[in-house]
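# Fold and geometry: a report
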Amino acid sequence: MDREIDKIIASKINGTATEADQKALDQWLSSDSSNEKVFSNISGFFAANYHDVEIINEEEIREKIWQKAHKKPKVISRPDFSYWTRYAAAVGVLLIAGFASFRYLAPDYGKDTPLTYKVIEKATVPGVKSTIHLPDGSKVILNSSSKIFFAEGFNDSVRWVKLEGEGYFEVAKNPHKPFVVQSGGILTKALGTIFNIKSSQKDVNVSLLEGSVAVSKINTPQLKESVILKPGEYVAYSSNEMANTGNFNSMDVIGWKDGLLIFRNADFRTVVDKLEEWYGVKISISGATPKWSLNGTYDNDNLENILKALGHSQGFDYEILGNKIKIAFDERK
């Protein structure tokens, strides 16, 4: 039973447990009172912290779990899963990987050697974009003010990337290692494909350009709960709940990576926020805020040219002081 209970716990937490799994889990829980504490700790930790799960070595985690739970090491063999089942199981193991963080949160487990791989962080500052080459040959173009995190070497059974902000992904094909991007509470899974993800504190938008991806909430990674996108389709989530799906204009979604600053019916606040992010500046406003519905595309243009064009058409003066911009509207208009 010890060799299988970690899989059963994972399936219970991620919602894929069968009737046989539940029966086996009940039997394991009733066999030893300490097992209830182990299961409660794992379930409780994940419920509170699933959005911060890190990339974990599956084999190492399994051995450490049993060393802690039963006071002696046990060698756990890696099961052979079919493609989608293996993906769900890998996510399940990552759920249990919350165990690794117990060294900080649960004194009962002591202070062990860290169980995670070395995690690489790549980030861009406001106004700067960057191209990142991942260990498997995949390429990511990061928009400004964005971050990605990934395991050094991509040595686990899943190529796991965490994204904050916006990134354009060209994924190298590897049918034996699914490529998964976590952005907020959303998972995007692919093999070899091209897609764009834009995420903020509450919203995540996934747009597919080539290939196929499965998009789901992090706590329901099963295929039946996923949205399968075709090229030219997008899915949008708000507060981790699906908000919209449909088709998109590729230039509007990925034009940013080629230096295209695009406005579509943008109000004044949207224009200001995008200029601040795009050029890494801070804009202050004086005078009455106008009502705009701006449409326009700027191709690798500098900020002063854009301000000059907007100032002429929208009726404002501007002053550039380093990375600070002052915009003044005429109060008499």
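This brings us to the overall build of the protein. Helix and strand content of the protein: 9 helices and 19 strands. The 333 residues of the protein split such that 45% are buried. For the protein, contacts bridging at least 24 residues in sequence account for 50% of all contacts bridging at least 6. In the form shown here, the protein has an accessible surface area of approximately 16,900 Å², with 48% of it arising from carbon and sulfur atoms.

Take unusual backbone geometry next. In this structure, Asn 265 takes a positive phi of about 50° despite not being glycine. Among the secondary structure elements, Asn 265 is positioned in strand β15 (residues 260-266). Owing to a relative accessible area of 55%, Asn 265 belongs among the exposed residues under this scheme. Phi at Asn 300 is positive, roughly 50°, even though this residue is not glycine.

Judged by pairing direction, the sheet is mixed, and its 7 strands sit side by side in the order β1-β4-β5-β7-β8-β11-β12 without closing on themselves. Edge positions in the open sheet fall to β1 (119-123) and β12 (227-229), since each of these has one partner strand only. Taking the axes of each pair of neighbouring strands and ignoring which way they run, one obtains an average angle of 20° across the sheet. Pairing of strand β4 (residues 147-151) with strand β5 (residues 159-164), which is carried by 4 bridges, proceeds in the antiparallel orientation. Residue pairing across strands places Lys 147 opposite Glu 164, the latter belonging to β5.

The subject of this paragraph is helix α9 (residues 303-314). For α9, built from 12 residues, the straight-helix expectation of 16 Å at 1.5 Å per residue is met to within 8% by its first-to-last C-alpha distance of 16 Å. All of the buried residues along α9 are Leu 303, Ile 306, Leu 307, Leu 310 and Gly 311. Down the axis of α9, the smallest arc covering the buried residues is 125°, so these residues share one side. Residues of α9 that are buried in the fold lie against β15, α8 (268-279), β17 (294-299), β18 (316-321) and β19 (324-329). One side-chain oxygen of the residue at the start of α9 lies 3.2 Å from the amide nitrogen of Glu 304, identifying that residue as Asn 302. Gly 315 lies just past α9 and shows a positive phi near 80°.

This next bit is on the sheet that holds strand β10 (residues 203-210). Pairing between sheet strands relies on hydrogen bonds along the backbone, with the strands arranged either parallel or antiparallel. Reading across from one edge, β2-β3-β6-β9-β10-β13-β14 is the order of the 7 strands in this open sheet, with antiparallel pairing throughout. Both outer strands of the open sheet, β2 (130-133) and β14 (241-247), are each paired with one neighbouring strand and no more. Each strand axis lies, on average, 15° off the axis of its neighbour in the sheet, ignoring direction. Here 5 bridges tie β10 to strand β13 (residues 233-238), and the two strands are oriented antiparallel to one another. What sits directly across from Val 204, in β13, is Tyr 237.

Another aspect to go through is the nonpolar core. With 30 residues, the main nonpolar core has Phe 263, Val 271, Leu 275 and Leu 310 as its most contacted residues. Among the elements of the structure, β13, α7 (250-254), β15, α8, β17, α9 and β19 are those that each provide at least two residues to this core. The biggest single contributor to this core is α8, with 5 residues. What Leu 310 contacts, discounting residues up to four positions off in sequence, is Val 271, Leu 275, Leu 294, Tyr 298, Gly 315 and Phe 316.

What follows covers the pairing of β18. In this structure, β18 lies alongside β19, joined through 6 bridges in antiparallel fashion. Bridged to Ile 320 within β19 is Ile 325. The hairpin formed by β18 and β19 contains 2 residues between the paired strands, and Gly 322 there has a positive phi angle of roughly 70°.

What follows is about the pattern of salt bridges. Across all of its chains, the model carries 7 salt bridges by this definition. In this structure, Glu 170 and Lys 139 form a salt bridge, with 3.8 Å as the shortest nitrogen-oxygen distance. Pair noted here: Glu 170 is in strand β6 (residues 166-170) and Lys 139 is in strand β3 (residues 139-142), with a separation of 31 residues, a long-range link. By relative accessible area, which is 27% here, Glu 170 ends up partly exposed. Look at Lys 139 and you get partly exposed, because its relative accessible area is 24%.

Glancing now at the environment of Ser 284. Turning to its location among the elements, Ser 284 is positioned in strand β16 (residues 282-286). Each C-alpha atom of the pair Ser 284 and Val 272 lies 9.2 Å from the other, and the pair is 12 residues apart in sequence. When neighbours within four sequence positions are excluded, Ser 284 is seen to be in contact with Ile 325, Lys 326 and Ile 327.

The next point concerns the layout of surface pockets. Quantified by volume, the largest pocket comes out at close to 930 Å³. In terms of lining residues, the largest pocket is bounded by 33 residues, among which Glu 166, Lys 198, Asn 205, Asp 252 and Lys 274 are the most central. Those elements that provide at least two residues to the lining of the largest pocket are β9 (194-199), β10, α7, β15 and α8. Top element by residues in the lining of the largest pocket is β15. It accounts for 6 residues. Class assignment for the residues of the lining of the largest pocket results in 10 nonpolar, 15 polar and 8 charged.

Rules behind the numbers
Residues numbered from 1 in each chain as written. Predicted model: local features only at pLDDT ≥ 70, side-chain atom pairs only at ≥ 80, totals over all residues. Heavy atoms only, no water. Helix = DSSP H or I, 4+ residues; strand = E, 2+ residues; numbered from the N terminus. Buried < 20%, exposed > 50% of the residue type's maximum accessible area, 1.4 Å probe, protein only. Contact = heavy atoms within 4.5 Å. Areas by Shrake-Rupley, 256 points an atom, 1.4 Å probe, with all protein chains shown as cover. Pairing = 2+ DSSP bridges. Axes fitted to C-alpha atoms, helices over the stretch in contact; angles between N-to-C directions. Expected span 1.5 Å × (residues − 1). Arc of directions from axis to C-beta. Polar contact = N/O pair within 3.5 Å; in protein donor to acceptor, adjacent residues only side chain to side chain. Core = buried A, V, L, I, M, F, W, Y, C linked by side-chain atoms within 4.5 Å. Salt bridge = Lys/Arg side-chain N within 4 Å of Asp/Glu carboxyl O. 1 Å grid on protein atoms, 1.4 Å probe; cavity = no way out; pocket = protein on both sides within 12 Å on 5 of 7 lines; lining within 4 Å. Points joined across faces, edges and corners; volume = space filled by probe spheres on them. Nonpolar A, V, L, I, M, F, W, Y, C, P; charged D, E, K, R; others polar.

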